Amino acid sequence: MENKRKILILVTMSMFVAIGVVISPILRFEGFAPTAHFVNIVCSVFLGPWYSLLNGIITAAIRMSLMGIPPLAITGQVFGAFLSGFLYRKSKGSILACVIGEIIGTGIIGSIASYPVMALLWGKGDITWYFYLPSFLIATVIGGTVAFIFLKTLQRAKALYPIQKKLGVNVYEKSKSDFAK
C-alpha cells in the first residue's frame with residue numbers, strides 16, 4: 001500500500017510540474033506569472049510544503065531551460081511555494097493562510113530576493129531593491145485568488161478531503177478559519 005501511495009504522490013507531483021510548465025506562458029511577463037502561483041498554492045494544499053518547494057524548483061528549472069525565462073522563475077516561485085504549504089499546515093488547513101503564504105513568500109520575499117539575482121547575475125544593474133514588488137504582488141494576488149476559489153469549490157463539493165486522504169497528507173476537515181464554507 002505504501003508503494004502505491006508513493007507512486008500516486010510522484011504522479012501527482014509530475015502533473016503539477018507539467019501543468020506549471022504548460023500554463024506558465026499564459027499571462028506571463030517578466031516578473032508576472034500568476035499561473036505559477038495558482039499551481040504553488042494547489043500543490044501546497046494537495047502535497048504539503050516540501051513537495052510544493054520541489055515543484056517550484058523543478059518547474060522553474062524547466063521554464064528557464066526550455067523557455068529562456070530569467071532566474072525570476074526561481075526567485076518568483078520557491079519562497080511562496082514553501083511558505084504557502086507551511087502556513088497551510090500551521091493554520092491546520094486554512095486555504096486563506098495558504099494564499100497569504102504565497103503572497104508573502106513570493107510577492108514580498110521573492111520580489112526582494114530577485115534584485116541581487118537580476119542585478120548581479122543577469123546584468124540588470126539599473127533596477128532597485130523594490131523593482132519587482134508591484135508585479136510580483138499583483139501576480140500572486142491574481143494567482144492566489146484563482147487558487148482560493150478553485151480550492152474552496154473543491155472543499156464545498158466535498159472533493160478536497162478525499163483527494164488529500166488518498167495522497168496521505170494531513171487533512172483538516174474541521175477547519176473553520178477560512179471564509180464561510
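Residues numbered from 1 in each chain as written. Predicted model: local features only at pLDDT ≥ 70, side-chain atom pairs only at ≥ 80, totals over all residues. Heavy atoms only, no water.

A.B. asks: I tried to follow the overall build of the chain on my own but got confused; where do I start?
C.D. replies: Of the regular secondary structure elements, the chain holds 8 helices and 0 strands. Taken from the N to the C terminus, the helices and strands of the chain come in the order α-α-α-α-α-α-α-α. Taken over C-alpha atoms, the radius of gyration comes to 16 Å for the chain, in line with the 16 Å a tight globule of 181 residues would show. In terms of principal-axis extent, the alpha carbons of the chain reach across some 50 × 35 × 25 Å. Of the contacts made within the chain by residues no fewer than 6 positions apart, 71% connect residues no fewer than 24 positions apart. Carbon and sulfur atoms make up 73% of the accessible area of the chain, which amounts to about 9,000 Å² in all. Mean positive and mean negative side-chain charge positions of the chain (17 and 6 charges, respectively) differ by 12 Å. (Helix = DSSP H or I, 4+ residues; strand = E, 2+ residues; numbered from the N terminus. Rg over C-alpha atoms; globule rule 2.2 N^0.38 Å. Contact = heavy atoms within 4.5 Å. Areas by Shrake-Rupley, 256 points an atom, 1.4 Å probe, with all protein chains shown as cover. Lys, Arg positive; Asp, Glu negative; His and termini not counted. Charge placed at Lys NZ, Arg CZ, Asp CG, Glu CD.)

A.B. asks: Before we go on, may I ask you to explain the packing of aromatic side chains in this structure?
C.D. replies: Within a pair of aromatic rings, the relevant descriptors are the distance that separates the centres and the angle that separates the planes. If you walk through the whole model with that rule in mind, you get 6 aromatic pairs. Measuring from centroid to centroid gives 4.8 Å for Trp50 and Phe82, while their planes differ by 55 degrees, and the two rings are tilted. Linking Trp50 in helix α3 (residues 49-67) with Phe82 in helix α5 (residues 78-90), this pair joins segments that are 32 residues apart in sequence. A relative accessible area of 61% means that Trp50 is categorised as exposed. Considering the side-chain rings of Phe82 and Phe86, the 5.9 Å spacing of their centres and the 20 degrees angle between planes classify their relative orientation as stacked. A residue pair is termed a helical-turn pair when its members lie 3 or 4 positions apart in one helix, as Phe82 and Phe86 do in helix α5 at 4 residues. The exposure class of Phe86 is partly exposed, given its relative accessible area of 34%. (Phe/Tyr/Trp six-rings, centres within 6.5 Å; stacked < 30°, edge-to-face > 60°. Buried < 20%, exposed > 50% of the residue type's maximum accessible area, 1.4 Å probe, protein only.)

A.B. asks: Explanation requested: helix α7 (residues 133-156) in the structure shown.
C.D. replies: An α-helical segment advances 3.6 residues per turn. Residues three or four places apart therefore align on the same side. Between the first and last C-alpha of α7 there are 33 Å, a value that for 24 residues agrees with the 34 Å anticipated at 1.5 Å per step. Along α7, the positions that sit buried rather than exposed are Ser135, Phe136, Ala139, Thr140, Gly143, Gly144, Ala147, Phe148, Leu151, Lys152, Leu154 and Gln155. The inward-facing, buried residues of α7 abut α2 (34-47), α4 (72-75), α6 (95-121) and α8 (160-167). Lys158 sits one or two positions beyond α7 and adopts a positive phi of about 60 degrees. (Expected span 1.5 Å × (residues − 1).)

A.B. asks: Any chance you could explain the UniProt feature "transmembrane region" (unreviewed entry) in the chain here in plain terms?
C.D. replies: Within this numbering scheme, the UniProt entry marks residues 6-27, 68-88, 95-117 and 129-151 as carrying the feature "transmembrane region" (unreviewed entry). With 71% helix and 0% strand, residues 68-88 has its two end C-alpha atoms placed 32 Å apart. End C-alpha to end C-alpha, residues 129-151 measures 33 Å, and it is 83% helix and 0% strand. (UniProt positions renumbered as here; feature names shortened; annotations may be inferred.)

A.B. asks: Just checking my understanding: could you explain the packing of α2 against α6 for this structure?
C.D. replies: It is the contact of α2 with α6, at a shortest axis distance of 10 Å, that shows an interaxial angle of 130 degrees. Taken together, the axis directions place α2 and α6 in an arrangement best described as oblique. Here the hand of the crossing between α2 and α6 comes out right-handed. Every residue of α6 that contacts α2 at His37, Asn40, Ile41, Ser44 and Val45 is listed here: Cys98, Val99, Glu102 and Thr106. The residue inventory of the contact of α2 with α6, partitioned by class, reads 4 nonpolar, 4 polar and 1 charged. (Axes fitted to C-alpha atoms, helices over the stretch in contact; angles between N-to-C directions. Parallel < 35°, antiparallel > 145°, perpendicular 65-115°, else oblique. Left-handed = near helix turned anticlockwise from the far one by under 90°. Nonpolar A, V, L, I, M, F, W, Y, C, P; charged D, E, K, R; others polar.)

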